[in-house]
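# Structural features, examined
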Amino acid sequence: KKPAERSKFDNEIIRLDERVNISYMVFTGDLFRILPDPEDQSRTWYDHSGIQGRVHTGDSVFLNHVVPLYVQEVQASMQSGDWSGPDKLVDALTTYQRNIASDIVPSEGKVKMEIFFNRTSVFPRIAAIYGIVGFVLLILQFVGLFYTRLKINTPEKIALWLILLAFVLHTAGLALRWYISGHAPWSNGYEALTYIAWATVLAGLIFSSRASITLSTTAILAYLILETAHMSWMDPQITNLVPVLKSYWLVIHVATITASYGFLALGAILAAVNLFLMILVSKKSFTYIDLTIKEISNIIEMTLIVGLYMLTVGTFLGGVWANESWGRYWGWDPKETWA
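A brief structural summary.

Reading the values: rules and limits
Residues numbered from 1 in each chain as written. Predicted model: local features only at pLDDT ≥ 70, side-chain atom pairs only at ≥ 80, totals over all residues. Heavy atoms only, no water. Phe/Tyr/Trp six-rings, centres within 6.5 Å; stacked < 30°, edge-to-face > 60°. Helix = DSSP H or I, 4+ residues; strand = E, 2+ residues; numbered from the N terminus. Buried < 20%, exposed > 50% of the residue type's maximum accessible area, 1.4 Å probe, protein only. Core = buried A, V, L, I, M, F, W, Y, C linked by side-chain atoms within 4.5 Å. Contact = heavy atoms within 4.5 Å. Polar contact = N/O pair within 3.5 Å; in protein donor to acceptor, adjacent residues only side chain to side chain. Salt bridge = Lys/Arg side-chain N within 4 Å of Asp/Glu carboxyl O. Patch = residues over 30% accessible without salt bridge, like charges linked within 9 Å, V, L, I, M, F, W, Y side chains within 5 Å. Areas by Shrake-Rupley, 256 points an atom, 1.4 Å probe, with all protein chains shown as cover. 1 Å grid on protein atoms, 1.4 Å probe; cavity = no way out; pocket = protein on both sides within 12 Å on 5 of 7 lines; lining within 4 Å. Points joined across faces, edges and corners; volume = space filled by probe spheres on them. Nonpolar A, V, L, I, M, F, W, Y, C, P; charged D, E, K, R; others polar. Expected span 1.5 Å × (residues − 1). Bend = angle between axes of the 7 residues up to and from the residue. Axes fitted to C-alpha atoms, helices over the stretch in contact; angles between N-to-C directions. Left-handed = near helix turned anticlockwise from the far one by under 90°.

Let us now look at the packing of aromatic side chains. Inspection of every chain in the model, using the stated rule, returns 10 aromatic pairs. Their ring planes at 80° and their centres at 6.0 Å tell us that Phe-135 and Tyr-223 sit as a pair that is edge-to-face. With Phe-135 in helix H6 (residues 122-146) and Tyr-223 in helix H9 (residues 213-229), this pair connects stretches of sequence that are 88 residues apart. The class for Tyr-223 is partly exposed, based on a relative accessible area of 24%. One aromatic cluster is present, formed by Phe-167, Trp-178, Trp-186, Tyr-195 and Trp-198 through successive ring pairs.

With that settled, consider the nonpolar core. If you look at the biggest cluster of nonpolar residues, it comprises 62 residues, and the most contacted ones within it are Tyr-130, Ile-163, Leu-250 and Leu-277. Elements supplying a minimum of two residues to this core: H6, helix H7 (153-181), helix H8 (189-207), H9, helix H10 (249-280) and helix H11 (286-326). Non-local contacts of Leu-250, meaning those with residues more than four positions away in its chain, are made with Ala-184, Trp-186, Ser-187, Leu-241, Leu-245, Ala-255 and Trp-321. Membership of the second largest hydrophobic core comes to 8 residues, among which are Val-55, Leu-63, Leu-93 and Tyr-96.

With that settled, consider the environment of Ile-152. Following the sequence through the fold, Ile-152 ends up in the loop between H6 and H7. With 11 residues separating them in the primary sequence, Ile-152 and Gln-141 have C-alpha atoms 7.3 Å apart. Among residues more than four places away in sequence, those in contact with Ile-152 are Leu-140 and Gln-141.

Let's shift gears to the side chain of Asp-47. For Asp-47, the location among the structural elements is in the loop between strand S2 (45-46) and helix H2 (48-51). Polar side-chain contacts of Asp-47 include one of 3.2 Å to the side chain of Ser-49. Within the structure, the side chain of Asp-47 is placed 2.6 Å from the backbone nitrogen of Gly-50, a separation counted as a polar contact. Discounting residues that sit within four places of it in the chain, Asp-47 has contacts with Gly-29, Asp-30, Phe-32, Arg-33 and Leu-35.

On to the pattern of salt bridges. For side chains bearing opposite charge, pairing can occur when the charged atoms are close. Considering all chains together, one arrives at 6 salt bridges under this definition. For Arg-15, the salt bridge goes to Glu-12, with nearest N and O atoms at 3.5 Å. Residue Arg-15 and its partner Glu-12 are both found in helix H1 (residues 8-28); the two are separated by 3 residues, about one turn of the helix. In this structure Arg-15 comes out as partly exposed when scored by relative accessible area, which is 29%. Note on Glu-12: relative accessible area 39%, which makes it partly exposed.

A cluster of nonpolar side chains, namely Ile-139, Val-143, Phe-146, Tyr-147, Leu-150, Phe-276, Ile-279 and Leu-280, defines an oily patch on the protein surface of about 770 Å² accessible area. Every element with two or more residues in the nonpolar patch is listed here: H6 and H10. Note on placement: Phe-276 falls in helix H10. A relative accessible area of 40% places Phe-276 in the partly exposed class.

The next thing to look at is the layout of surface pockets. Approximately 820 Å³ is the volume found for the largest pocket. Lining the largest pocket are 32 residues, and of these His-253, Val-254, Ile-257, Gly-318 and Lys-335 lie nearest its centre. Put simply, the parts of the chain that give the lining of the largest pocket at least two residues each are H8, H10, H11 and helix H12 (334-338). It is H11 that contributes the most residues to the lining of the largest pocket, 10 residues altogether. Its residues assigned to classes, the lining of the largest pocket shows 18 nonpolar, 11 polar and 3 charged.

The end-to-end C-alpha separation of helix H3 (residues 60-80) is 30 Å, in line with the 30 Å expected for 21 residues at 1.5 Å each. Taken as a whole, H3 carries its principal kink of about 45° at Val-66; the proline Pro-68 stands between one and four residues after it. For H3, the full list of buried residues reads Ser-60, Leu-63, Asn-64, Val-66, Val-74 and Ser-77. Considering only its buried residues, H3 is in contact with strand S1 (35-36), H2 and helix H4 (84-100). Just downstream of H3, Gly-81 is the residue with a positive phi angle, here 85°.

A few words on the packing of H7 against H9. Close contact between H7 and H9 brings their axes to 11 Å; oriented N to C, the two are set at 35°. Between H7 and H9 lies a crossing of left-handed hand. Residues Glu-156, Ala-159, Leu-160, Ile-163 and His-170 of H7 touch H9, and the partners they reach there are Leu-215, Ala-219 and Leu-226. When the residues that make up the contact of H7 with H9 are grouped by side-chain class, the tally is 6 nonpolar, 1 polar and 1 charged.

Looking now at the environment of Thr-315. In this structure, Thr-315 sits in helix H11. For Thr-315 and Ala-272, which are 43 residues apart along the polypeptide, the C-alpha to C-alpha distance reads 27 Å. With near-sequence residues (within four places) excluded, Thr-315 lies in contact with Ile-257, Trp-330 and Ala-339.

Below, the structure written as structure tokens:
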């Protein structure tokens, strides 16, 4: 079937088939193409069975036996608890890979940073900070609207510093992913969501001085976006770019377009808060809540203006990128039509 004609069930069958094939390749060893052929001009890497009989240099004995020997050493280590044997083989294989293909294999520093990035789970951790701080602060702010004696200046300052800390960690996480992958971290769905969450918090921090409720709503929105990014159907793995995305326009066009979503989303959630306040307003609380509604309305207008300008500029930049990639500015495919 053509992609447009596939049902949700069809797409799930395709994903299941992909998982079964990956599992099969793991058990057969086809997935582990970790052995580069020093004599192959096309720089092809092979699995254990594929390398057999191909290499005729002094490395042939090592390449033909390193994988079975590693499996034996692992089985022995599971009994003894001493993993020095498998570690030595991994070190020897790593040294061989770097000697044969030093320009392809990631540097030791980049490998260590990727391991550190995976172990820290920076985005799920900061999502928790955004969520807890945002919800607690929003509750206090709502209570403060009806009980004016309640002073929440100190909680708001604490929340501001916590969100700033999370934002700095968020920025560091995006920068680290950029360094590890070698490209801007907004090239797929998972990366786009983490970047949109970052842009949302940035927008909230910019406008928080005009109305403190912006701070809590932007933190909640960032939490929801990051939680969506870590659902089971999102793929967080770091992969190579597809050829069409290997362009400096990825940084310019996609960053502009995607950042606009953060400003527009902030306007949307503030509008929801405003509607809620309009429902709760009474004669007794009209004066104070009406002032808050007007403040939020002004912020909504500003965020939507910023988001619309960025979206417009980004759309035109997308046309320039399309002209560089395919020799045309516009082709009326579904995405371009909607733009």
